[in-house]
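# Working through the structure, step by step
Listed below, chain by chain, are the residues.
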Amino acid sequence: MPENIPRVVIVGGGFGGLAAAKALRHTRAQIVLIDRNNHNVFQPLLYQVATAVLTPSQIASPIRELLRNQKNTMVLLGEVRAVDKDGKRVFVTNVDREGVPIEYDYLILATGSTHSYFGHDEFEEFAPGLKGLADAAAVRNKALLAFEQAEAEENPSRHRDLLTFVLVGAGPTGVELSAAIASLIRKTVRSEFRRIDPALARVVLVDGGDRVLRSFSEDVSQAAKKRLEKLGVEVRLGHPVELIDGHGVVVAGERILSKTVIWTAGVEPSPAGKWLGVETDRAGRVRVQKDLTVSGHPEIFVVGDTATLDQDGKPLPGVAQVAIQQGRYAGRTIQRRVLGKSDLRPFRYFDKGNMAVVGAGFAVLETFKSRIRMKGLLAWLAWAGIHLQFLAQANLRVSVFLQWVWTGLTRELGSALIVNFHASERRKPMPDAPHDAILGKSGGSLGTGIKGPYDQPGRSGQERGLGPALT
Ligand SMILES: Cc1cc2nc3c(=O)[nH]c(=O)nc-3n(C[C@H](O)[C@H](O)[C@H](O)COP(=O)(O)OP(=O)(O)OC[C@H]3O[C@@H](n4cnc5c(N)ncnc54)[C@H](O)[C@@H]3O)c2cc1C
C-alpha cells in the first residue's frame, strides 16, 4: 500500500470494528484491522452452539475472508495491549512477537466486552460464561458430559444433582440458554438416553432482580417468564447467587446441588479505557463525545460495548445494533475527514427494537419504542429472519436455515460432540474396583466403585476435559 495516505487502525473485528472497516472500503486510506481472534462471531446465536443445535463454524467467519475483496484493508492477527496516544501508536502482541508498534493517523477501538463476575472471580472456575466460540463449546461439553455421567450412574438418587442445570442471570442470554437446555432435555435426553428420566432434570434460572428480561417492558417479561415455566424452567427471582463452588450454588441460603452452572449475569468492557488513560464510567467503559471520539483526541474513536454515551438521559445499551451503527458512523466520519469534508451531525442511535427467543417457535419482541409488542410464533419468525439476515456470510445463512429446518423436523442436533475428552484418560478405575463391576457383567451395573470428577470438587474445567473444542 502507498505510504503517503492516512492509516486507520481498527482494533477488534466484531460488530463495531467490522462495520467501521466496511464503511471505509472506498476511502483512500490504508486500513489495518487487528483482532486477537481470526474470526468474527455472531454472538446472538452462541447459545445454540452451547446447546449443540449449531456448530461453531455455522456462526463464525474468518475476518480475512470477510474483507478479502476490500483492497485497502489489511487484517492482522494480534492482541493490542497498549496505546501511546501522543505517539499515535498501538502495541500489538502477535503469534511470535510482543509489543510490536503500529502507527496510526486515526484509531478506532472496538474491543467489546467480556463477562464480569462482579468481584467474584473465584466463581469463574465453576461457572463458565458465554462470550466466544471456545466458551460455547466448553458449555456444550459440560452439559453433554453431565448427561453422560447421569446415564452411567446406577444410583438414581444422584441423577437429580447431575441433571440440575443452573443459569445465573435472567437477561436475554440466560433466558435463551435456559429455554434451549430445557428443550434439549425434553427432546434429546428422552430419545437418546436409556437410564435418565428427563422428569428428574432441573433447569434453574436465578436472578437477583424482580423479573426476567429487565430491558423489556413488564408484560413482555411476564410472557417470557410464563413461557420458561411452561418449558419446565424454575425461575427464581429476587435473590442473587451467594456462592458458586464445585458442588453447585447457594441462593437465599439454600444449596442447589448442580454439576452444570453457567454464568450469564454481567459483562465488563475491554481495558481500552486503561490503555487510553481517559474518563470511563464505573464499569470501565470509555466516555465518548457525541462524535464518538475521546476528549482531546479527535483522531481516536471508541465504539460498541467498550464505549458509553448517553442519549435522551440514558446510556446506550450494549447491543449489536449500537456497535454496528457506531462503527459505521466512525468509519464515515473518518472518510469525510480524509476527503476534507465537514463532520457528520452528532451520533444518534436508531433503536430498531429488542427481541429474545424462549425455546423453539416462541420469541418476544418489542419495537417502535415499545409501541409494538409481539410474542409467540410470529415474533419467533421475525427473530429467525432477522438473525439469518445478520449472519456475516451467505453460506452461513443457508447452512443455519437448513439446520433449523432439519432439527425441527428430525430433532437431530447439529453437533452433539464432546470434544477433547477421553473418559479413560481422566477416570482411572479405583485400584480396588473389580474389573467385572466396571463393565457391568452382573445385573446391568455400570461403573460401581468408579470415582468421577463429580466427586472431586475444585478441579478446573480444563482438567475435566472442558477446554476449548471447536468442532
Ligand atoms: C451470548 C451473547 C448473546 C448476545 N445476544 C445479543 C442479541 O441477541 N442481540 C444484540 O443486539 N446483542 C447481543 N449481544 C451483545 C452483542 O453481541 C454485543 O453488544 C456486540 O458484540 C458488541 O460489539 P463490539 O464490536 O463492541 O464487540 P464484539 O462484537 O465483542 O467484538 C470485539 C472484538 O474485539 C476483539 N478484541 C478484544 N480485545 C482485543 C484486543 N486487546 N486486541 C485485539 N482484538 C481484541 C475480539 O476478539 C472481538 O472480535 C450478545 C452478546 C453475547 C455475549
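Quick caveat, the model's predicted, so the values are computed rather than measured.

One side chain can pair with another of opposite charge once the charged atoms of both are near each other. Summed over the entire model, instances satisfying the criterion amount to 15 salt bridges. Asp245 serves as the salt-bridge partner of Arg255, at 2.8 Å between the closest nitrogen and oxygen. Of this pair, Arg255 sits in strand 16 (residues 254-257) while Asp245 sits in strand 14 (residues 241-245), placing them 10 residues apart in sequence. Taken together, the shared-partner salt bridges in this structure form one network comprising Arg36, Glu79 and Arg81.

In this section: the packing of helix 10 (residues 377-390) against helix 11 (residues 394-410). Axis separation between helix 10 and helix 11 bottoms out at 8 Å; the angle between their running directions is 150°. For the element pair helix 10 / helix 11, the angle class is roughly antiparallel. The two elements helix 10 and helix 11 meet at a crossing, and its hand is right-handed. Along its contact with helix 10, which presents Trp383, Ala384, Leu388 and Gln389, the element helix 11 presents Arg397, Val400, Phe401 and Trp404. Within the contact of helix 10 with helix 11, the residues separate by chemical class into 6 nonpolar, 1 polar and 1 charged.

Moving on to the pairing of strand 12 (residues 202-207). With 6 of its 6 residues buried, strand 12 lies for the most part within the structure. The two faces of strand 12 match: Arg202, Val204 and Val206 on one face and Val203, Leu205 and Asp207 on the other face are all buried. Sheet topology places strand 11 (residues 164-168) next to strand 12; 5 bridges connect them, and they run parallel. Its bridge partner being in strand 12, Phe165 is matched across the sheet by Val203. Direction of pairing for strand 12 relative to strand 13 (residues 233-237): parallel, over a ladder of 5 bridges. Directly across from Asp207, in strand 13, lies its bridge partner Leu237. Once the chain exits strand 12 it traverses helix 7 (residues 218-230) before rejoining the sheet at strand 13, and the crossover so formed is right-handed.

One finds Leu45, Ile59, Phe147, Val212, Leu228, Trp383 and Trp404 to be the most contacted residues of the largest nonpolar core, which totals 65 residues. With 9 residues, helix 6 (residues 172-192) is the single largest residue contributor to this core. Contacts of Trp404, omitting those with residues within four sequence positions, involve Leu45, Gln48, Val53, Leu54, Trp383, Ala384 and Leu388. Core analysis: the second largest hydrophobic core is formed by 48 residues, Ala21, Tyr104, Ile108 and Val322 among them.

Let us now look at the packing of aromatic side chains. All told, the structure shown has 10 aromatic pairs when counted by the stated rule. The interplanar angle of 55° and the centroid separation of 5.8 Å between the aromatic rings of Phe147 and Phe193 together place this pair among those described as tilted. Pair noted here: Phe147 is in helix 4 (residues 133-152) and Phe193 is in the loop between helix 6 and strand 12, with a separation of 46 residues, a long-range link. The exposure class of Phe147 is buried, given its relative accessible area of 1%.

What the 3 strands build is an open sheet, ordered 6-7-8; its pairing is antiparallel. Looking at strand neighbours, the two that pair on one side only are strand 6 (79-84) and strand 8 (100-103), the edges of this open sheet. Sheet twist, expressed as the average angle between the axes of neighbouring strands with direction ignored, equals 30°. In the sheet, strand 7 (residues 89-93) pairs with strand 8 via 4 bridges, with the strands oriented antiparallel.

Looking now at a positive patch on the surface. A surface patch of positive charge is lined by Lys22, Arg25, Arg328, Arg332, Lys352 and Arg397. With respect to the element layout, Arg328 can be found in helix 9 (residues 320-338).

A few words now on the site of the ligand. Around the ligand sit 27 residues, and of these Gly16, Asp35, Gln43, Asp305 and Ala320 come closest. Within the backbone of Arg36, an N or O atom sits 3.2 Å from a nitrogen atom of the ligand. For the ligand, an oxygen atom lies 3.1 Å from a polar atom in the backbone of Gly318. Contact with the protein chains removes 88% of the 1,000 Å² of surface that the ligand exposes when unbound. Mapped onto the shell around the ligand, the elements with two or more residues apiece are helix 1 (15-23), strand 6 and helix 9. Its residues placed into classes, the shell around the ligand shows 10 nonpolar, 12 polar and 5 charged.

Right, let's get into helix 9. In this model helix 9 runs 27 Å from its N-terminal to its C-terminal C-alpha over 19 residues, within 8% of the 27 Å that 1.5 Å per residue would give. Immediately downstream of helix 9, the backbone of Gly340 shows phi near 75°, a positive value.

Rules of the game
- Residues numbered from 1 in each chain as written.
- Predicted model: local features only at pLDDT ≥ 70, side-chain atom pairs only at ≥ 80, totals over all residues.
- Heavy atoms only, no water.
- Salt bridge = Lys/Arg side-chain N within 4 Å of Asp/Glu carboxyl O.
- Helix = DSSP H or I, 4+ residues; strand = E, 2+ residues; numbered from the N terminus.
- Axes fitted to C-alpha atoms, helices over the stretch in contact; angles between N-to-C directions.
- Parallel < 35°, antiparallel > 145°, perpendicular 65-115°, else oblique.
- Left-handed = near helix turned anticlockwise from the far one by under 90°.
- Contact = heavy atoms within 4.5 Å.
- Nonpolar A, V, L, I, M, F, W, Y, C, P; charged D, E, K, R; others polar.
- Buried < 20%, exposed > 50% of the residue type's maximum accessible area, 1.4 Å probe, protein only.
- Pairing = 2+ DSSP bridges.
- Right-handed = clockwise from strand over helix to strand, strands pointing away.
- Core = buried A, V, L, I, M, F, W, Y, C linked by side-chain atoms within 4.5 Å.
- Phe/Tyr/Trp six-rings, centres within 6.5 Å; stacked < 30°, edge-to-face > 60°.
- Patch = residues over 30% accessible without salt bridge, like charges linked within 9 Å, V, L, I, M, F, W, Y side chains within 5 Å.
- Areas by Shrake-Rupley, 256 points an atom, 1.4 Å probe, with all protein chains shown as cover.
- Lys, Arg positive; Asp, Glu negative; His and termini not counted.
- Charge placed at Lys NZ, Arg CZ, Asp CG, Glu CD.
- Near = heavy atom within 4 Å.
- Polar contact = N/O pair within 3.5 Å; in protein donor to acceptor, adjacent residues only side chain to side chain.
- Expected span 1.5 Å × (residues − 1).

From the geometry alone we can't say anything about function, so treat these as descriptive.
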